[in-house]
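# Structural features, examined
Each chain, written out:
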Amino acid sequence: YLKQLTSAFTYANDIGYRNWAKYSVKNIIEFRKLSKEIMENSVYLKDRYDKSIIRTIEAYKDGNSIFNTQKVFLMGKGISADDAVGFMMGLVTAGDRHAIIVGGMPNYKFYKDRYMKENPGATEQEAINYAIIKFEKDTKKTQQSSDLQDKDLTQLGNPIMRSFNMFLTSPKQYLRKEFYAIRQIHRKISQWDRMAGKGTIGQNLRTLLTYHVIMPMIFQYVTSGFPG
């Protein structure tokens, strides 16, 4: 539920809450078609779910670990460590996939429809390719990632430092989004020009509100045990 909530707000911020809600309702009718379309055309998602979740964990381990052994014993049978962790973390992987597909589908459909509207002569595949690129960009900016390019120095340092930063890619990405919004607002105010920088004042204020207020509140509510 936490993953679904956070994905909904982060994806909605990229296209606007009103557009996200509108396309969430419209997509119900063709949910299966769109989810299949996204998975078949997104190289990023194929790579994300074809590789084992053990790669995410290994990024933080030290030299001596259970994951270095060839086999572990599960239910009395010797199986590979990779398969054992994949079995135990199956629900985590499924939850991640569901949150990204459901949360990001309105963005994908929004970009696809906008492209078709702006390019009446374009083919559907061209619209799909455009929408996939935008969808993947939105996903990489805010979702948990095991890719080296999405980690900072504290997540790539010594084992002790890495252990304190396990699964913190998303919060660090949220902080970067805050800084980005603050910089754009500062440019507009310092130059006294609402066209300076990127995005409108409203869009940047929405980003700041989403990542500085709404997202921390969701995490706090869940970790407090859903009070009320």
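Preceding this paragraph is the structure being described.
Keep in mind that this is a model prediction, so the values were computed, not measured. (Residues numbered from 1 in each chain as written. Predicted model: local features only at pLDDT ≥ 70, side-chain atom pairs only at ≥ 80, totals over all residues. Heavy atoms only, no water.)

### Thoughts on the overall build of the protein chain
Note the cut-off: Only DSSP runs of H or I reaching four residues or more are called helices, and only runs of E reaching two or more are called strands; each is numbered from the N terminus. Burial classes follow relative accessibility: with a 1.4 Å probe on protein chains only, a residue under 20% of its type's maximum area counts as buried, one over 50% as exposed, and anything between as partly exposed. Should any heavy atoms of two residues lie within 4.5 Å, those residues are considered in contact.
When helices and strands are counted, the protein chain shows 11 helices and 2 strands. Each helix (α) and strand (β) of the protein chain, taken in turn from the N terminus, gives the series α-α-α-α-α-β-β-α-α-α-α-α-α. Split into buried and exposed, the 228 residues of the protein chain put 38% on the buried side. Here the contacts in the protein chain between residues at least 6 apart in sequence split such that 66% fall between residues at least 24 apart.

### A look at the layout of surface pockets
We count it as follows: Think of a 1 Å grid over just the protein atoms. A cavity is a set of points where a 1.4 Å probe fits yet cannot get out, a pocket is an open set with protein on both sides within 12 Å along at least five of seven lines, and lining residues have an atom within 4 Å of a point. Grid points are joined across faces, edges and corners, and a volume is the space filled by probe spheres set on the points. Only Asp, Glu, Lys and Arg are considered charged in this grouping, and only Ala, Val, Leu, Ile, Met, Phe, Trp, Tyr, Cys and Pro are considered nonpolar; every other residue, Gly among them, is considered polar.
Looking at the second largest pocket, its volume works out to about 620 Å³. Taken together, 20 residues form the lining of the second largest pocket, with D14, K141, K177, Y180 and Q203 sitting closest to its centre. Among the secondary structure elements, those contributing two or more residues to the lining of the second largest pocket are helix 1 (2-15), helix 7 (90-118), helix 8 (124-142), helix 10 (169-191) and helix 11 (201-223). Tallied by class, residues from the lining of the second largest pocket come to 4 nonpolar, 6 polar and 10 charged.

### Re helix 10
This is how it is decided: Each helix should span, by expectation, one fewer than its residue count multiplied by 1.5 Å.
Spanning 23 residues, helix 10 covers 33 Å between terminal C-alpha atoms, matching the ideal 33 Å at 1.5 Å per step. Turning to helix 10, its buried residues are T169, S170, K172, Q173, Y174, K177, E178, A181, Q184, I185 and K188. Looking one or two residues past helix 10, W192 carries a phi angle of roughly 50°, positive in sign.

### Side note on a positive patch on the surface
Heads up, the rule is: Each patch is built from residues that are more than 30% exposed by relative accessible area and take part in no salt bridge. Like charges join if they lie within 9 Å; nonpolar side chains (Val, Leu, Ile, Met, Phe, Trp, Tyr) join within 5 Å. Values of accessible area rely on a 1.4 Å probe in the Shrake-Rupley scheme; residue burial ignores everything except the protein chains shown. For salt bridges, the criterion is a side-chain nitrogen of Lys or Arg within 4 Å of an Asp or Glu carboxyl oxygen. Under the convention used here, Asp and Glu are negative, Lys and Arg are positive, and both His and the chain ends fall outside the count. Charge placement uses NZ in Lys and CZ in Arg. For Asp and Glu, CG and CD serve respectively.
On the surface, K137, R183, R187 and K198 cluster together to form a positively charged patch. Along the chain, K137 turns up in helix 8.

### Concerning the nonpolar core
For soluble globular proteins, the rule of thumb is that nonpolar side chains tend to be buried together. In plain terms, the rule: We define the nonpolar core as a collection of buried residues of types Ala, Val, Leu, Ile, Met, Phe, Trp, Tyr and Cys that are connected through side-chain atoms lying within 4.5 Å of one another.
Within the largest apolar cluster, 20 residues are counted, with the highest numbers of intra-cluster contacts made by W20, I38, L45, Y108 and F135. Listed by contribution, the elements that provide at least two residues to this core are helix 1, helix 2 (17-26), helix 3 (31-41), helix 4 (43-50), helix 7 and helix 8. Sorting elements by how many residues they give to this core places helix 7 first, with 6 residues. In this view, W20 contacts A8, Y11, A12, I15, V102, G103, P106 and N107; residues no more than four positions away in its chain are not counted. Y211, I214, M215 and I218 belong to the second-largest nonpolar core, a separate cluster that totals 5 residues.

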